[in-house]
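An overview of the molecular structure
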Amino acid sequence: MEDEQIVELLFRRDQEALGELDRKYGAALRALTGRILGDAQDAEECVNDAYLGAWNAIPPARPQPLGPYVCKIARNIALRRYGRRAEERRHTVYGAAMEELAPWLPGPDTAETGMEARELARLLAAFLDGLTAENRVIFLRRYVFADRYGEIARRMGLTEGAVSVRLTRMRKALKRYLSERMGAE
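Residues numbered from 1 in each chain as written. Predicted model: local features only at pLDDT ≥ 70, side-chain atom pairs only at ≥ 80, totals over all residues. Heavy atoms only, no water.

Some details on the overall build of the protein
Scanning the protein for helices and strands turns up ten helices and zero strands. Reading the protein from its N terminus to its C terminus gives the helix and strand order α-α-α-α-α-α-α-α-α-α. Across the 185 residues of the protein, 37% fall into the buried class. If you take every contact in the protein between residues at least 6 apart in sequence, the share linking residues at least 24 apart comes to 63%. Accessible area for the protein stands at about 10,300 Å²; split by element, carbon and sulfur atoms hold 53% of it. (Helix = DSSP H or I, 4+ residues; strand = E, 2+ residues; numbered from the N terminus. Buried < 20%, exposed > 50% of the residue type's maximum accessible area, 1.4 Å probe, protein only. Contact = heavy atoms within 4.5 Å. Areas by Shrake-Rupley, 256 points an atom, 1.4 Å probe, with all protein chains shown as cover.)

Next up, the structure:
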């Protein structure tokens, strides 16, 4: 079923829409939330909460495309749950990815001295815009979707070593980029 048809079912409050959402996007949502949380049961609960979130948001929202909209809802729910499980962070793929990136991003003390999250998001978006399309996909697959190096390598037709080297270089470039931009402000 096409996204527009699913949205129409949601507008009519037809519960068939939830089944169609699950058929079309369920596997991707479970994979995403599973990578973040490292637990299939928690991931399933997040997916169900995401369907409820979409049900409550549509209407009035009329998202186009629907897939990324529902993925964002599921990801945000999983991240909130992940935040509540701080002691387990090291044991998930997402935790490993965030620990990998943490030294390259400004710490919480930076926000206290005036660096707002919106400004950091703007700088990060500008940094990503400067990457090649392939490197941008690699960066996002690792740090947004929490894919493992092997999974990224398979998707991109690269070796794990090549993915590792590129991510290392991108983290270093991000650190330089943020240092230059934040130091100039």
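What to know about the pattern of salt bridges
Opposite charge on two side chains permits pairing when their charged atoms draw close. Throughout the structure, instances matching the rule amount to 14 salt bridges. The salt bridge partner of Glu-151 is Arg-155, with a shortest N-O separation of 3.9 Å. Placement of the pair is Glu-151 and Arg-155 together in helix α9 (residues 149-156), with a separation of four residues, close to one helical turn. You can call Glu-151 partly exposed: its relative accessible area is 22%. (Salt bridge = Lys/Arg side-chain N within 4 Å of Asp/Glu carboxyl O.)

A word on the nonpolar core
Counting residues in hydrophobic clusters, the biggest one holds 26 residues, and the most contacted among them are Leu-21, Leu-29 and Leu-66. Those elements that place two or more of their residues in this core are α1 (3-11), α2 (16-37), α3 (40-57) and α4 (66-84). For Leu-66, the contacting residues outside a window of four places in its chain are Asp-3, Ile-6, Val-7, Leu-21, Tyr-25 and Ile-58. Leu-101, Ile-138, Tyr-177 and Leu-178 belong to the second-largest nonpolar core, a separate cluster that totals 18 residues. (Core = buried A, V, L, I, M, F, W, Y, C linked by side-chain atoms within 4.5 Å.)

Overview of the environment of Ala-50
With respect to the helices, strands and loops of the structure, Ala-50 is situated in helix α3. Taking relative accessible area as the criterion, Ala-50 reaches 0% and is therefore assigned buried. Separated by 23 residues in the primary sequence, Ala-50 and Ile-73 place their C-alpha atoms 5.5 Å from one another. The residues contacting Ala-50, other than those within four sequence positions of it, are Val-70, Ile-73, Ala-74 and Ile-77.

This is a description of form; function is not addressed.
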